[in-house]
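# Coordinate analysis (summary)
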Amino acid sequence: MASPPPSPSAGTPSAGTPSADAHGGEPAPAAQRAREGLLAIPRGVAQVDFQPSVWTGLLFLIALFVGGWQFGAFALLGVVTATVTAYLLGVTWDRVSIGLEGFNGTLIGVALVLYLGATWSTVAVVVGGAVAGSVLTAALNAVLTPYNLPTFTAPFCVVALVMAIGAPSYGRVWADHASTAPPSATDPGTAMTWHDFWQGFFNGVGQVFFQDKWYVGMIFLIGLAVSSRVVAAAAAASSLIGLLTGWWLGAQAADLGAGLYGYNAVLTGIALGGTFVVLSPAGAVYAVIGAATAAALTAGLTNLFNVVGGHTLTWPFVLVTWVFLAAVPIFSKIRRVS
């Protein structure tokens, strides 16, 4: 089972790091430090789903390249830029080496290439966005640490939303942007078919990385199972919860099939289902409620952001999980992971 981070963050640490902290201690040999720095890249990708596993990160990268070369390439650009920026600015090595400084950059890369297309201007925007995300991560950590709340993917959400709002004003950036309208825009209707259901189940996992091909979502789920079968089970259950919550509320079937009601539920379910909250009977119920809430909030935030293209991103997960973690001290049957 994953354990919580040593300081508020979006990911989970591995069992110690061989390299010294950036602020003291005996430095590790250069070769060992270089190896840990290299492994921080796949860990940064895995930490999007709270996992510190190198193998999980590599499987996630394979899934992204299967989804499209541009997603894998720009995810790497984002995670490398964010990781190097954090290291150069002096973030403690224990955070950098386990990928806690890379996951927001990963998502920034994937989101912006989806919105703007694979061009040289997008390369520059992703690099700038990943650098900004690193600075924002540090700022939010400083603000949220006294409240024992992680930053989660809030830095990514802020940077990607600002970029999406501003991009149409810049012709060179916006010239080759892709259409990101939801599937329901061309295929309306609320009658969910079996095809929508089973594809939506896998896509709910894949949409954490903006992927809407069911087999890509399945690779992500396998990657989670490599790190932790409990986490994989939480992700699968949460994707199902998000799918059924959207269906029960009458969401558009095409959007359900694309996984748009599942991915925020997946992240919330993993976070509350053993990563930051102790996995007990009461904790499991708490995670289920959180996952359903994140799914239900998706439509509201999508409508709120319609003026800027409906880019919901992972805001439902961030907001719901912040609230649920902040409430933990009041509930005697719910405990934070120590």
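Scope of this entry: the structure provided in the associated data block. Quick caveat, the model's predicted, so the values are computed rather than measured.

## A short note on the overall build of the protein
A count of helical and extended segments in the protein gives 15 helices and zero strands. Against the compact-globule benchmark of 20 Å for 338 residues, the protein has a radius of gyration of 19 Å, which places it among compact chains. The principal-axis extent of the C-alpha atoms belonging to the protein is close to 60 × 55 × 35 Å. Taken across its 338 residues, the protein has 55% of its residues classed as buried. Across the protein, the fraction of contacts at a sequence separation of at least 24, relative to all contacts at a separation of at least 6, is 74%.

## Describing a nonpolar patch on the surface
Together, Trp55, Leu58, Ile62, Val66, Tyr215, Met218, Ile222 and Val226 make up a nonpolar patch on the protein surface, roughly 730 Å² of accessible area in all. Of all the secondary structure elements, the ones that give two or more residues to the nonpolar patch are helix H2 (54-67) and helix H10 (214-227). The partly exposed category is assigned to Tyr215, whose relative accessible area is 35%.

## Details of H10
An ideal rise of 1.5 Å per residue puts 20 Å on 14 residues; H10 measures up with 20 Å between its terminal C-alpha atoms. All buried positions along H10 are accounted for by Val216, Gly217, Ile219, Phe220, Leu221, Gly223 and Leu224. Where H10 is buried, its residues contact H2, helix H9 (194-206), helix H11 (229-249) and helix H13 (263-275).

## Description of the nonpolar core
Among the nonpolar cores identified, the biggest contains 73 residues, and Phe156, Phe209 and Leu313 are the most heavily contacted of them. Here the element with the most residues in this core is helix H5 (residues 103-116); it accounts for nine residues. In contact with Leu313, other than residues within four places in its own chain, are Tyr115, Phe156, Cys157, Ala160, Leu161, Phe210, Tyr263 and Asn264.

## Brief notes about the packing of aromatic side chains
In total, this model carries 18 aromatic pairs according to the counting rule given. Measuring from centroid to centroid gives 6.2 Å for Phe50 and Phe152, while their planes differ by 85°, and the two rings are edge-to-face. Of the two residues, Phe50 is situated in the loop between helix H1 (30-46) and H2 and Phe152 in the loop between helix H6 (120-144) and helix H7 (154-166); the sequence distance between them amounts to 102 residues. No difference in accessibility class separates Phe50 from Phe152, as the two residues are buried. Ring pairing ties together the aromatic residues Trp198, Phe201, Phe202, Trp214 and Tyr215, which thus form one cluster.

## As for the pattern of salt bridges
Here the structure, examined in full by the defined rule, presents three salt bridges. Measuring nitrogen to oxygen at the nearest pair gives 3.3 Å for the salt bridge that ties Glu36 to Arg35. A residue is classified by how much of its surface remains accessible, and Glu36, at 5% relative accessible area, is buried. Residue Glu36 pairs with Arg43 through a salt bridge whose shortest N-O separation is 3.0 Å. Across the pair, Arg43 and Glu36 agree in class, each one buried. Residues joined by salt bridges that share partners form a network here, namely Arg35, Glu36 and Arg43.

## Examining helix H15 (residues 315-327)
Look at H15: 18 Å from first C-alpha to last across 13 residues, which is about the 18 Å you get at 1.5 Å a residue. All of the buried residues along H15 are Trp315, Pro316, Phe317, Val318, Val320, Thr321, Trp322, Phe324 and Leu325. Against H6, H7, H13 and helix H14 (281-304) lie the buried residues of H15.

## With respect to the packing of H9 against H11
Relative orientation of the contacting elements H9 and H11 amounts to 125°, with a least axis distance of 8 Å. Considered as vectors, H9 and H11 are oriented oblique to each other. In the crossing of H9 with H11, the sense of the turn from one axis to the other is right-handed. From H9, Phe197, Gly200, Phe201, Gly204 and Val205 reach across to H11, where they touch Ala235, Ala236, Ser239, Leu240, Leu243 and Leu244. Residues belonging to the contact of H9 with H11 are distributed by class as follows: eight nonpolar, three polar and no charged.

Rules used throughout
The numbering scheme is per chain: residues are counted from 1 as the chain's sequence reads. Per-residue local features of the predicted model are confined to residues with pLDDT of at least 70, and side-chain atom pairs are confined, for both listing and counting, to 80 or more; whole-chain, interface and lining totals are unaffected and use all residues. Note: side-chain values were computed over all heavy atoms of the structure, leaving out hydrogens and water. Helix and strand labels come from DSSP, where a helix needs a run of H or I of at least four residues and a strand needs a run of E of at least two; each type is numbered from the N terminus. With the radius of gyration taken over C-alpha atoms, the globule rule is written as 2.2 Å times the number of residues to the power 0.38. When a residue's accessible area, from a 1.4 Å probe over protein chains only, is under 20% of the maximum for its type it is buried; when over 50% it is exposed; and in between it is partly exposed. Contact between two residues is taken to exist if any of their heavy atoms lie within 4.5 Å; hydrogens are not considered. Residues qualify for a patch when their relative accessible area is over 30% and they have no salt bridge, like charges being joined within 9 Å and the nonpolar side chains of Val, Leu, Ile, Met, Phe, Trp and Tyr within 5 Å. All accessibility values rest on the Shrake-Rupley procedure with a 1.4 Å probe; residue burial counts only the protein chains present in the view. We count a salt bridge whenever a side-chain nitrogen from Lys or Arg sits within 4 Å of a carboxyl oxygen from Asp or Glu. A helix's residues, less one, multiplied by 1.5 Å, set its expected span. In this description, a nonpolar core means a group of buried Ala, Val, Leu, Ile, Met, Phe, Trp, Tyr and Cys residues linked to one another through side-chain atoms lying within 4.5 Å. Here a pair means two rings of Phe, Tyr or Trp (six-membered ring of Trp) with centres within 6.5 Å. Their orientation is stacked below 30 degrees between planes, edge-to-face above 60, and tilted elsewhere. Axis definition: a line fitted to C-alpha atoms, over the contacting stretch in the case of helices. Angles run 0 to 180 degrees between N-to-C directions. Working rule for angles: under 35 degrees goes down as roughly parallel, over 145 as roughly antiparallel, 65 to 115 as roughly perpendicular, anything else as oblique. Here is the rule for handedness: rotate from the far helix to the near one, and if that takes an anticlockwise turn smaller than a right angle the crossing is left-handed, while a clockwise turn gives right-handed. Just so you know the grouping, Ala, Val, Leu, Ile, Met, Phe, Trp, Tyr, Cys and Pro go in nonpolar, Asp, Glu, Lys and Arg go in charged, and all remaining residues, Gly too, go in polar.

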